[in-house]
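Coordinate inspection notes
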Amino acid sequence: MIKNKRQMEKHWQDYWDKIKLFEPDLKNSEHKYYCLMMFPYPSAALHIGHMRNYTLGDTLARYKIMQGFNLFTPMGWDAFGLPAENAAIKDGIHPAESTAKNIATMKKQLREWGVGYAWSKEINSSSPEYYKWTQWLFLQLYKKGLAYRKKAKVNFCPSCQTVLANEQVIEGKCERCSTAVVQKELEQWFLKITAYAERLLEDLNTLTKWPEKVKTMQKNWIGRSEGAEVKFKLQATSYRLQDRESIKVFTTRPDTLFGCTYLALSTEHQIIEKLKSKVENSKEIEKYIEETKKQSISTRDILGKEKSGVEIKGVKAINPVNNQKIPIWVVDYVLMEYGTGAIMAVPAHDQRDFEFAKKYNLPIKKVINPLPATLYPLPASQAYEGEGTLINSEKYNGLSSQEAKEKITADLQKKGLAEKKVLYRLRDWLISRQRYWGTPIPIIYCPKCGTLPLPEKDLPVVLPRDVQFKPGGESPLKRKSNFIQTTCPKCGSLARREADTMDTFIDSSWYYLRYLSPQDKKDAFNSSLVNRWLPVDQYIGGVEHAIMHLLYARFINKFLYDCKLVNFNEPFTSLFTQGMVIKDGLKMSKSKGNVVYPDTLIEKYGADAVRLYILFIAPPDKDVEWNSKGVTGMWRFLKKVEQLAAGGRLQAASQKTKNLKPEVALRRNIHQTIKKVTEDMERFHFNTAISSIMELVNYLSRYPFPVSRYPLEVIILLLAPFAPHFCEEIWQNVLKNKGSVFKHPWPRYESRFIQPEKALIIVQVNGKLRAKIEVERDTSEKELKELVLKEEQLKKWLTKPIKKIVVVPNQIVNIVI
RNA sequence: GCCGGGAUGGCGGAAUUGGUAGACGCCUGGGACUUAAAAUCCCAUGUCCUUUAUGGGCGUGUCGGUUCGAGUCCGACUCCCGGCACCA
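These remarks concern the structure in this document. All figures in this text were calculated on a predicted structure; none of them were measured in a lab.

Procedures and definitions
- Residues numbered from 1 in each chain as written.
- Chains lettered and ligands numbered in written order.
- Predicted model: local features only at pLDDT ≥ 70, side-chain atom pairs only at ≥ 80, totals over all residues.
- Heavy atoms only, no water.
- Helix = DSSP H or I, 4+ residues; strand = E, 2+ residues; numbered from the N terminus.
- Buried < 20%, exposed > 50% of the residue type's maximum accessible area, 1.4 Å probe, protein only.
- Areas by Shrake-Rupley, 256 points an atom, 1.4 Å probe, with all protein chains shown as cover.
- Near = heavy atom within 4 Å.
- Polar contact = N/O pair within 3.5 Å; in protein donor to acceptor, adjacent residues only side chain to side chain.
- Pairing = 2+ DSSP bridges.
- Axes fitted to C-alpha atoms, helices over the stretch in contact; angles between N-to-C directions.
- Contact = heavy atoms within 4.5 Å.
- Phe/Tyr/Trp six-rings, centres within 6.5 Å; stacked < 30°, edge-to-face > 60°.
- Lys NZ or Arg CZ within 6 Å of the ring centre and 35° of its normal.
- Expected span 1.5 Å × (residues − 1).
- Arc of directions from axis to C-beta.
- Parallel < 35°, antiparallel > 145°, perpendicular 65-115°, else oblique.
- Left-handed = near helix turned anticlockwise from the far one by under 90°.
- Salt bridge = Lys/Arg side-chain N within 4 Å of Asp/Glu carboxyl O.
- Right-handed = clockwise from strand over helix to strand, strands pointing away.
- Lys, Arg positive; Asp, Glu negative; His and termini not counted.

**Looking at the overall build of chain A**
Scanning chain A for helices and strands turns up 26 helices and 34 strands. For chain A, the spread of C-alpha atoms along the principal axes amounts to about 110 × 85 × 50 Å. Within chain A, the proportion of its 817 residues that are buried is 53%. Counting only carbon and sulfur atoms, one obtains 51% of the accessible surface of chain A, whose full area is about 38,200 Å².

Printed below as a string of structure tokens:
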């Protein structure tokens, strides 16, 4: 085996730097290939899970170089975020310091793995040179009316006196001190992503090279639904309401209106406050609302637990279709953020309403008969949520759900009680964070002039370095008086800065544009360069980003498109979502304490063997349970290749043997392997690509004749993207080729060498394998039948008369008896 | 709770369009070489049955269906993983 593995690897890492293998010529965008990995958050050290992501990208990048593309594969750091700030609170290390340290470690590791990037284009989202332009982006959104302020809830820990992220709330308690978390309302900044809902949904259709599952998830997240907004008038039981109050609900099922037996309101619905004086049990309701405020704001916590509610006594709602008086409940399973914050409950035809009605003994009225009715008797334990024929619905009886939706909505519309409506589940993007380690929001509050955007010439708003991290009721920036105090850009009087920073998802929503000109002092990005190099040809990242990051990036790209700053409507042409590395049943992550670092494995077997193994154990889009054991197999494989290349069998084979048969078979094998590996590369099936190369190597190492250069060179070329150091070493120092293996074109196959002259026919009797026969290729159906029926070994199976023979030429014959 | 995905030998996985289930690798067992060990090479390796064969039954999470033929398609279910808007 090659001596001084680490030294050899380092030699080639230096060599690739020297020949600038990964440095692009940005002036020449012809035949360009922009290969982008989601930029990472700089955590302490990279583990096997990260290594899987980066070797996957690097393997693709090297393959594209060999295919002759003008490759651009940059790397940077999504460096703002919560963990660094938490570390600062805990250990007193400044986030800038820990981040810089982590970045240095990660760069070293990436290099040791042989992962190459265009490092001259590196970016860091926490540097003023970068976040200046994140602030600029915010100002553009503000200018177009897409950034606005409104009240929103946060999780607050009364003991730590600090705002908590959902992640920091464990079963309703603060992760640090276990104090019960409360909800608090604050004025916060939002981006109007809902203005783009329709386009974000519609344009998913143009993303033909995105995984279906990601598009489905985004589609469901945007959640377009067509329905009607229906008005329920209110009536007090003991006295008249002075003004005609009403409650609006949104429903996709107006056909079930006759089955509505109560209304359910979110605890935040404004009508509750309005009705306060007229309600008999307002104390009880107030108490209930207070209780629900003591839970986390996270939807999964709210919707995951058992539903509860309390009836508003003394006021009823009037069902507009039949004037029936129905009760109104305040519940915890209706979200204020979606629709009108109130729903019409139809227990017979909605499972959540059904369960709630069962719990509180509310009437359940069936109004939809499934079709065909006799086949689906309604089970008593659940609601029928499908469509069907209307029953118990007066003059609408007998109509189909579809017809009834139209008709009922239209009839109510005439009376001013309903309106057709399209609703999206997507909510506006809350970007305010009450934290230090993020991009400051470039807004100034002047007591005279009000809320003002910072003039662009004054950017960036620099994040002060010297702050107090220990929690003290307010975020670190709010307590930093020389940051907060400023002068109004309009009138010059004393004003204060916004103290909140931005969600880090904004940093990552535009970074792919900055890579082309990371040092540009005049613009966020260079439009002409960006328009030539984008959209990104291949975007690679984790499935966990399938919804939020990708939706935000698409939104921002569309916004910049509307500003005519980019000329492409979607930023990422094709997307590959890689699976996660699982250890002990959980995603590998430091916080879960189940990380495995690759360093000792690399020390023992070399980076190439570990790279190979990591790509070999599973297709890259699947999750994989980590087990270090199999690396030895890759080590053995590389040794075998080396021996083959270095061995004395490397001779001019064709002259030494007159036997053409094995030569033909060898040639077929080589060309088949090239075909298979190339096809597998294209569909990211790196695991089967590697096993095909292994099969060819196994074949060659048993080949009873001397082997020529060609098959060896093919093997090294096919293997180079996976095991770059090893192959560069063999290519240049054993096979004595001039220049980098990556500058050599990817091998091509010729179809005429692949087709075998014989076909193996599988013979089945009633679908069970009974014989295999070899015949000439393209033997006709008729001949095949005859051949098969003559077969001796089949005789014993053909005990009964033959009913039918199914023939698939060159493949299979199935005799049915 | 809602949305998306997954389940194949002792283990990771293969089977691209419905057509030989288990490629490739790991582990394990046996053998060769060696004073010995390591390394390497060779053989075996889903499971059960028998008369040990060029044999047969069963077998891709569970139950049912479609088909000449199902890991692959359809229906119902179980378990696991990811996301759910302040982790990134």
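Okay, back to it.
**A short note on the protein's contact with RNA strand B**
For RNA strand B, the set of nearby residues contains 74 residues, the closest of which are N166, R435, I617, R636 and N814. Of what RNA strand B places within 4 Å of the protein, 64% of the atoms are sugar or phosphate. With respect to RNA strand B, the side chain of Q188 contributes an N or O atom lying 3.1 Å from a base nitrogen. Residue D623 places a side-chain N or O atom 3.2 Å away from a sugar or linking oxygen belonging to RNA strand B.

**Brief notes about the sheet that holds strand β31 (residues 758-765)**
With respect to topology, four strands assemble into an open sheet ordered β32-β31-β34-β33, the strand pairing being mixed. Taken across any chain shown, the strands that pair with only one partner, and hence form the sheet edges, are β32 (768-776) and β33 (804-808). On average, each strand axis in the sheet is tilted by 20 degrees relative to the strand beside it, whichever way the strands run. The pairing of β31 with β32 spans eight bridges and is antiparallel. What sits directly across from Q764, in β32, is L769. In the packing of helix α26 (residues 781-790) onto the sheet, contacts are made with β31, β32, β33 and β34 (812-816), and the angle to β33 comes to roughly 120 degrees.

**Quick word on the sheet that holds strand β28 (residues 581-583)**
Spatial strand order, β29-β28-β30: three strands in an open sheet with mixed pairing. Two strands bound the open sheet, and with one partner strand each, they are β29 (586-587) and β30 (624-625). When β28 meets β30, the two strands line up parallel, connected through two bridges. Within β30, the position partnered with V581 by the bridge is V624.

**Examining the pairing of strand β12 (residues 262-266)**
Counting buried positions over the five residues of β12 gives five, a clear majority of the element. Burial along β12 is two-sided: the face carrying Y262, A264 and S266 and the face carrying L263 and L265 are both buried. Examined bridge by bridge, β12 and strand β15 (residues 342-345) share four bridges and lie antiparallel to one another. When the bridges of β15 are listed, L265 appears paired with A342. Where β12 lies against strand β14 (residues 325-331), four bridges are found, and the strand directions are parallel. Bridge pairing links A264 to W329 in β14.

**A short note on the environment of I441**
Tracing the backbone shows I441 in the loop between β20 (432-433) and β21 (443-446). Considered as a pair, I441 and V461 are 20 residues apart in the sequence and their alpha carbons are 7.9 Å apart. Residues contacting I441, with those up to four places away along its chain left out, are F138, W189, S432, E498, D500, T501 and M502.

**Description of the packing of aromatic side chains**
Going through the model one piece at a time under the given rule, you end up with 39 aromatic pairs. Pairing Y511 with Y512 gives two aromatic rings, centres 6.0 Å apart and planes at 75 degrees, and the pair type is edge-to-face. Seen from their ring centres, F686 and F722 are 5.9 Å apart, and the 80 degrees between their planes marks the pair as edge-to-face. Taken together, the residues F686 in helix α23 (residues 686-701) and F722 in the loop between α24 (709-719) and α25 (724-734) connect sequence positions 36 residues apart. Neither residue differs from the other here; F686 and F722 are each classed as buried. Three or more aromatic residues joined by ring pairs make a cluster, and in this case those are F39, Y511, Y512, Y515, Y539 and F572. Over the face of the ring belonging to F742 we find R62, whose NZ or CZ atom lies 4.7 Å from the ring centre. The ring of F156 has K184 lying over it, and the distance from NZ or CZ to the ring centre is 3.8 Å.

**As for helix α12 (residues 401-414)**
When the terminal C-alpha atoms of α12 are compared, their 20 Å separation across 14 residues agrees well with the 20 Å that a helix rising 1.5 Å per residue should span. Taken as a whole, α12 has its buried residues at S401, A404, K405, I408, T409, D411 and L412. For α12, the arc enclosing every buried residue in end-on projection is 165 degrees, short of the 170-degree limit, so these residues lie on one face. On its buried face, α12 sits against β10 (225-236), β16 (368-370), β17 (388-390) and β18 (418-423). Looking at the residues trailing α12, positive phi occurs at G416, about 70 degrees.

**Describing the packing of helix α19 (residues 607-616) against helix α20 (residues 631-646)**
Running from amino to carboxyl end, α19 crosses α20 at an angle of 120 degrees, the nearest separation of the two axes being 8 Å. As the angle between them shows, α19 and α20 are arranged oblique. When you trace α19 past α20, the crossing you get is right-handed. Of α20, the residues touching α19 (which contributes D608, A609, V610, L612, Y613 and F616) are V631, M634, W635, F637 and L638.

**Overview of the pattern of salt bridges**
On inspection of all chains with the given rule, the structure shows 45 salt bridges. A salt bridge links K32 to D537, with the shortest nitrogen-to-oxygen separation between them at 2.9 Å. Of this pair, K32 sits in strand β1 (residues 32-37) while D537 sits in strand β26 (residues 536-542), and the two are 505 residues apart along the sequence. For the pair K32 and D537, a shared accessibility class is recorded, and that class is buried. K457 is the salt-bridge partner of D458, the closest N and O atoms lying 3.3 Å from each other. In this structure D458 comes out as partly exposed when scored by relative accessible area, which is 37%. Note on K457: relative accessible area 71%, which makes it exposed. What emerges from the salt-bridge pattern is a single network uniting R6, E9, K108, E112 and E603.

**Some details on the pairing of β26**
For β26, the tally of buried residues reaches seven of seven residues, placing the bulk of the element in the interior. Examined bridge by bridge, β1 and β26 share three bridges and lie parallel to one another. Considered in β26, the bridge of L36 is made with Y539. For β26 and strand β27 (residues 572-578), the ladder comprises six bridges, and the chain directions are parallel. Each bridged residue has a counterpart across the sheet, and for Y539 the counterpart in β27 is L575. Following the chain from β26 across helix α17 (residues 548-562) to the adjacent parallel β27, one finds a crossover that is right-handed.

**Observations regarding the side chain of R52**
Relative to the helices and strands, R52 resides in helix α2 (residues 48-66). We note that R52 is buried and unpaired, the nearest opposite charge coming from D623 at a distance of 5.5 Å. Polar side-chain contacts of R52 include one of 3.1 Å to the backbone oxygen of P619. Setting aside its immediate chain neighbours within four residues, R52 contacts G579, M580, V581, I614, A618, P619, P620, K622, D623 and V624.

**What about unusual backbone geometry?**
The linkage connecting L459 with the following residue, P460, adopts the cis geometry, with an omega of 0 degrees. Take P460: it is sitting in the loop between β22 (450-453) and α13 (481-484). Here the bond from L534 into P535 is cis, since omega is 0 degrees, no more than 30 degrees from zero. Mapped onto the fold, P535 is located in the loop between α16 (527-533) and β26. Despite not being glycine, K736 shows a phi value in the positive range, around 55 degrees. When you line up the elements, K736 lands in the loop between α25 and β31.

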